[in-house]
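Analysis of the macromolecular model
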Amino acid sequence: MDLLAGLEPPPPAREEIGPGAVLLRGWALPRVEDLLVTLAQVTAAAPFRRMMTPGGFEMSVAMTNCGPAGWVTDRSGYRYASQDPLTGLPWPPLPEIVRDLARVAAAEAGYAGFDPDACLINQYEPGARLTLHQDRDERDKGHPIVSLSLGLPATFQFGGLKRTDPVRRVALAHGDVVVWGGPSRLFHHGVLPLKDGVHPLLGARRINLTLRRAF
Ligand SMILES: O=C(O)CCC(=O)C(=O)O
Ligand SMILES: [Fe+2]
């Protein structure tokens, strides 16, 4: 009997998921432990909170930020702000390990010289989702986006320039990094409702770091 007959081949470490868009599987794994220590410090200073959309709905994803530019939403709209509206203090500084991971991942995906000033930290508990949207609050869309997944697995949706374009579903796991820019910088994307589960390091949640150049 061939014990390996029923096994799928492992997915490739690097996969193009759109024009100028690359999934780097397990890419952050070697640095995850250090990353989690750093993240705990950041979220102690700037706690997760569920923000309000301009339309008046509380988001299911809890968010916080580090770096000079923090993404916020409230009844007056989406924008980047230098201060945490919860504390009135500047967002915690962008940790060197996060900045470095983003720079190296971007370069690996073909975007040398990326220097993020914004790190949005999203926390998904089971059921939380992010509907299809474009990231377009940044001043210069010439810079790519680097997105790092931690904790429970999720299904990432990656569509096109138009909201109605076909959407590809991409399974994201702990340690995966997605980089998109150039022709796909303004592609619609989202995250399907998080499934129940318990991750050995993060418990019943997924944390995603979105690194961008905002200012
Ligand atoms: O959580 C993710 O994988 C995507 C996050 C995202 O699209 C965003 O923060 O704008
Ligand atoms: Fe986004």
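Below: a short report on this structure. Just so you know, these numbers come straight off a predicted model, no measurement behind them.

A closer look at the overall build of the chain
Secondary structure assignment for the chain yields two helices and 13 strands. With the C-alpha coordinates of the chain rotated into their principal frame, the extents come out at 65 × 35 × 35 Å.

Remarks on the nonpolar core
By size, the foremost hydrophobic cluster in this structure holds 53 residues, and its most contacted members are Ala 105, Cys 119, Val 146, Val 177 and Val 179. The contact partners of Val 179, leaving out residues within four places of it in the chain, are Val 22, Ala 105, Ala 106, Ala 109, Tyr 111, Pro 144 and Val 146.

Focus: the site of ligand 1
Inspection of the region around ligand 1 gives Leu 120, Asn 122, Leu 130, Asp 135, Ser 147, Phe 156, His 189, Val 191, Asn 208 and Thr 210 as its neighbouring residues. Those elements that provide at least two residues to the shell around ligand 1 are strand 6 (118-124), strand 12 (189-191) and strand 13 (206-212). Each residue belonging to the shell around ligand 1 can be placed in one class, and the counts come to four nonpolar, five polar and one charged.

What to know about helix 2 (residues 96-108)
Here helix 2 contains 13 residues, and its C-alpha end-to-end distance of 18 Å stays within 8% of the 18 Å for a straight helix at 1.5 Å per residue. Val 98, Leu 101, Ala 102, Ala 105 and Ala 106 are the residues of helix 2 that are buried. What you see down the axis of helix 2 is that its buried residues fit within an arc of 125 degrees, all on one side. The outward face of helix 2, more than 90 degrees from its buried face, is lined by the exposed residues Glu 96 and Asp 100. As for helix 2, its buried residues are in contact with strand 2 (21-24), helix 1 (32-45), strand 6, strand 8 (145-151), strand 11 (177-180) and strand 13.

Regarding the pairing of strand 4 (residues 70-74)
Inspection of the sheet shows strand 4 paired to strand 5 (residues 77-81) by five bridges, in the antiparallel sense. Opposite Thr 73, over in strand 5, you have Tyr 78 as the bridge partner. Remark: two residues form the turn of the hairpin made by strand 4 and strand 5, two consecutive strands paired antiparallel.

Quick notes on the sheet that holds strand 9 (residues 154-158)
Strand order in the open sheet formed by four strands is 7-12-9-10, with antiparallel pairing between adjacent strands. The open sheet has two free edges, formed respectively by strand 7 (130-133) and strand 10 (168-172), since each of these has just one partner strand. The average undirected angle you get between the axes of adjacent strands in this sheet is 20 degrees. Of the strand pairs in this sheet, strand 7 and strand 12 are connected by two bridges, and their pairing is antiparallel. By the bridge assignment, Leu 130 is partnered in strand 12 with Val 191.

Rules and cut-offs
- Residues numbered from 1 in each chain as written.
- Chains lettered and ligands numbered in written order.
- Predicted model: local features only at pLDDT ≥ 70, side-chain atom pairs only at ≥ 80, totals over all residues.
- Helix = DSSP H or I, 4+ residues; strand = E, 2+ residues; numbered from the N terminus.
- Core = buried A, V, L, I, M, F, W, Y, C linked by C-beta atoms within 7 Å.
- Buried ≥ 20, exposed ≤ 12 C-beta atoms within 10 Å, placed from the backbone.
- Contact = placed C-beta atoms within 7 Å.
- Near = placed C-beta within 6 Å.
- Nonpolar A, V, L, I, M, F, W, Y, C, P; charged D, E, K, R; others polar.
- Expected span 1.5 Å × (residues − 1).
- Arc of directions from axis to C-beta.
- Pairing = 2+ DSSP bridges.
- Axes fitted to C-alpha atoms, helices over the stretch in contact; angles between N-to-C directions.

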